[in-house]
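Below, each chain spelled out in residue letters.
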Amino acid sequence: MLNALRRLFADLIARETLPVFAEDDPRVAVAALMCHVIAADGVVRPTERERMVAELAQRYRLSDDDARDLAEAARRVELESATVQRFTAGLERGLPLAERREIVTALWKIVFADGVVHEFEDAVVGRIADLLGLEPHDRTALRKTVEAESEEAAIRAAEAAVEPARATP
């Protein structure tokens, strides 16, 4: 009986420490924008979803499970919304420009995660950047930076794959 009570209280305490992602949570707004970008080309690829979860975990210092929960909460909210303005309005007013740039950078990283930039993804990130108050030259510079990083990462991965093959006689 005593053990059952201990488990009950432990369960209650554990539930209280789980993050709750309310619809008006700015983290949900950012994650919903990410969901919108991922779905822009009509195909949600695992690499895009994984990149999104990694970006959320890093940005908000969440565990992978909590970042997945945030992504799922955002997906539900994003599906119910007809427009990205719902998510960008509060972020544009409430975040400094540097943080809004970081959000757009994260969106570009998600776009480049699968190695294919679809014109719809490009247009959606552009629209979101505009709604977040970024200047066109700023948006372009962020994209070019992420694109260069993605290309460098792809080259390093290709070189790493070739090196073991060369070492084998």
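See the structure shown above.
Scope of this entry: the structure provided in the associated data block. (Residues numbered from 1 in each chain as written. Predicted model: local features only at pLDDT ≥ 70, side-chain atom pairs only at ≥ 80, totals over all residues. Heavy atoms only, no water.)

**What to know about the overall build of the protein chain**
Looking only at helices and strands, the protein chain features eight helices and zero strands. Reading the protein chain from its N terminus to its C terminus gives the helix and strand order α-α-α-α-α-α-α-α. Among the 169 residues that make up the protein chain, the fraction classed as buried is 34%. Sequence separation of at least 24 residues holds for 68% of the intrachain contacts in the protein chain that already meet a minimum separation of 6. (Helix = DSSP H or I, 4+ residues; strand = E, 2+ residues; numbered from the N terminus. Buried < 20%, exposed > 50% of the residue type's maximum accessible area, 1.4 Å probe, protein only. Contact = heavy atoms within 4.5 Å.)

**Thoughts on the packing of helix α2 (residues 26-39) against helix α4 (residues 64-80)**
Contact geometry of α2 with α4 gives a least axis separation of 8 Å together with a crossing angle of 70°. Put simply, α2 runs roughly perpendicular to α4. Packed against α2, whose contacting residues are R27, V28, A31, A32, C35 and H36, the element α4 presents L70, A71, A74, R75, V77 and E78 at the interface. When grouped by side-chain class, the residues that make up the contact of α2 with α4 number eight nonpolar, one polar and three charged. (Axes fitted to C-alpha atoms, helices over the stretch in contact; angles between N-to-C directions. Parallel < 35°, antiparallel > 145°, perpendicular 65-115°, else oblique. Nonpolar A, V, L, I, M, F, W, Y, C, P; charged D, E, K, R; others polar.)

**Looking at the packing of aromatic side chains**
Using the criterion set out here, one finds one aromatic pair in the structure. Ring geometry for W108 and F112: centres 6.2 Å apart, planes at 45°, overall tilted. Here W108 pairs with F112, and both are found in helix α6 (residues 97-112), just four residues apart, close to one helical turn. Just as W108 is buried, F112 falls in that class too. (Phe/Tyr/Trp six-rings, centres within 6.5 Å; stacked < 30°, edge-to-face > 60°.)

**Structural notes on the side chain of T105**
Mapped onto the elements of the fold, T105 is located in helix α6. Residues contacting T105, with those up to four places away along its chain left out, are L142 and V146.

**Considerations on the pattern of salt bridges**
Tallying each qualifying case throughout the model produces 14 salt bridges. For the salt bridge of R27 with D25, the shortest nitrogen-to-oxygen distance reads 2.7 Å. Assessed through its relative accessible area of 23%, R27 is described here as partly exposed. Classification of D25 as buried rests on a relative accessible area of 13%. Within this structure, R49, E72, R75 and R76 form a network of salt bridges that share partners. (Salt bridge = Lys/Arg side-chain N within 4 Å of Asp/Glu carboxyl O.)

**A short note on α2**
Helix length check: α2 (14 residues) gives 20 Å between terminal C-alpha atoms against 20 Å at 1.5 Å per residue, within 8%. In terms of burial, α2 is a largely internal element, 10 of the 14 residues being buried. All of the buried residues in α2 are V28, A29, V30, A31, A32, L33, M34, C35, V37 and I38. In this structure, the buried side of α2 is in contact with α3 (46-60), α4, α5 (85-94), α6 and α7 (119-131). (Expected span 1.5 Å × (residues − 1).)

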